[in-house]
Amino acid sequence: MAFNLKHRHFLTLRDFTPQEIGFLLKLAADLKAAKYAGTEVPTLGG
């Protein structure tokens, strides 16, 4: 499940639902794994 996080700021944990926090953590892990594997794709541009 994808969430629309555009134009949202991570100021406190209360700004996001538990599902959105889980999504952000998984996204961060996926991006980090891709970076170290050399398969990083610039998906967060703009």
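The structure under discussion appears in the preceding block.
Residues numbered from 1 in each chain as written. Predicted model: local features only at pLDDT ≥ 70, side-chain atom pairs only at ≥ 80, totals over all residues. Heavy atoms only, no water.

*Asks:* I keep staring at the pattern of salt bridges and nothing clicks. Help me out?
*Replies:* If charged atoms from side chains of opposite charge come close, those side chains can pair. Counting across every chain of the model gives two salt bridges. The salt bridge partner of E20 is R8, with a shortest N-O separation of 2.8 Å. You can see E20 sitting in helix 1 (residues 18-37) and its partner R8 sitting in the segment before helix 1, a full 12 residues away along the chain. Linking K26 and D30 is a salt bridge whose minimum nitrogen-to-oxygen distance equals 3.0 Å. In this pair, K26 and D30 are both assigned in helix 1, four residues apart and thus about one turn of the helix distant. When its relative accessible area of 52% is taken as the criterion, K26 is described as exposed. Using a relative accessible area of 40% as the deciding quantity, one classes D30 as partly exposed. (Salt bridge = Lys/Arg side-chain N within 4 Å of Asp/Glu carboxyl O. Helix = DSSP H or I, 4+ residues; strand = E, 2+ residues; numbered from the N terminus. Buried < 20%, exposed > 50% of the residue type's maximum accessible area, 1.4 Å probe, protein only.)

By themselves, these figures tell us nothing about what the structure is for.
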